[in-house]
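Chain residues, written in single-letter form:
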Amino acid sequence: MASGRGSNLKVILAAAKAGNCPVDTRLVISDKATAPALQTARDEGVAQVLHINPKDYADRASFDAACGDAIEQAGCHWIVLAGYMRILSAEFVQRFAGRIINIHPALLPAFPGADGAGDALNYGVKVSGCTVHLVDEVLDGGPILAQAVVPVLDDDTRDSLHARIQSAEHTLYPETLRRMVEDGFHIEGRRVIWNQV
Ligand code: GAR
């Protein structure tokens, strides 16, 4: 599921094609008709590419239910949020409990929310990064699967910091998906423990 540029989607599809990430992307959904992610998905031959318009639904729960129905019909196991900028309803999170993964452009639990890169810059931290995590009912709050760190430089703008974070995302996200599928993990308390292979 993606709302924007789709650069994370693109690297995941490329890693899969190169044999480095054993995922079969059955369906890409965007809530935005103009999201470049939709075109990327079509260009890369994703079987089903859908724009589902939130304005066609009375509320978040019914929009999410429509997305969930499409996901089930496509036979997807994992739901990968790649720049998906809508908050998921509790019903959706429960329906796909433990199967939704998100990437966030900050070192959670610091700087959750819509502008992780800008909030980190404005706070004045000297390192930031990205976090891949399981999604639960708490916004950006689920168990952490993986993180990567980048420096914050004195002359950074929000955009330059976000670009550096995105470079780290493009390695971390496909690699984490690969580990999830190939190695597997279990959860102890809040901790994700990777299975040894
Ligand atoms: C990524 O940096 C991702 O971490 C962020 O949106 C960007 C999407 O880029 N996600 C969030 O902020 C979610 N709260 P992309 O469309 O090029 O993959």
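The sections below set out a description of the structure shown in this document. In this convention, every chain numbers its residues from 1, walking through the sequence in written order. Under the rules for a predicted model, residues below a pLDDT of 70 receive no local features and side-chain atom pairs below 80 are neither given nor counted, while totals for whole chains, interfaces and linings still include all residues. Water and hydrogen atoms play no part in the side-chain values, which are based on all heavy atoms of the structure.

1. A few points about the layout of surface pockets
Empty space left among the atoms is revealed by rolling a probe the size of a water molecule over them. Both cavities and pockets are sets of points on a 1 Å grid over the protein atoms alone; in a cavity a 1.4 Å probe fits but cannot get out, in a pocket the set is open with protein on both sides within 12 Å along at least five of seven lines, and lining residues sit with an atom within 4 Å of a point. Grid points are joined across faces, edges and corners, and a volume is the space filled by probe spheres set on the points. If you add up the space inside the largest pocket, you get close to 700 Å³. Gly83, Tyr84, Met85, Asn102 and Ile103 are, among the 38 residues lining the largest pocket, the residues nearest its centre. Counting from the N terminus, the helices are the DSSP runs of H or I reaching at least four residues and the strands are the DSSP runs of E reaching at least two. If you list the elements that add at least two residues to the lining of the largest pocket, you get α1 (7–17), α4 (90–95), β4 (100–104), α5 (116–123) and α6 (158–182). Looking at the lining of the largest pocket, the element that brings in the most residues is α6, giving four residues. Its residues placed into classes, the lining of the largest pocket shows 15 nonpolar, 15 polar and eight charged. Each domain span listed reflects an automatic or database assignment of domains. Domain assignment of the residues forming the lining of the largest pocket places at least three in each of domain 1 (1–96) and domain 2 (102–197). What the second largest pocket holds in volume is close to 490 Å³. In terms of lining residues, the second largest pocket is bounded by 23 residues, among which Asp24, Thr25, Arg26, Trp78 and Val80 are the most central. Taken together, the elements giving at least two residues each to the lining of the second largest pocket come down to α1, β1 (27–30), β3 (79–81) and α6. By residue class, the composition of the lining of the second largest pocket is 18 nonpolar, three polar and two charged. Residue classes follow a fixed rule: Ala, Val, Leu, Ile, Met, Phe, Trp, Tyr, Cys and Pro count as nonpolar, while Asp, Glu, Lys and Arg count as charged, and any other residue, Gly among them, counts as polar.

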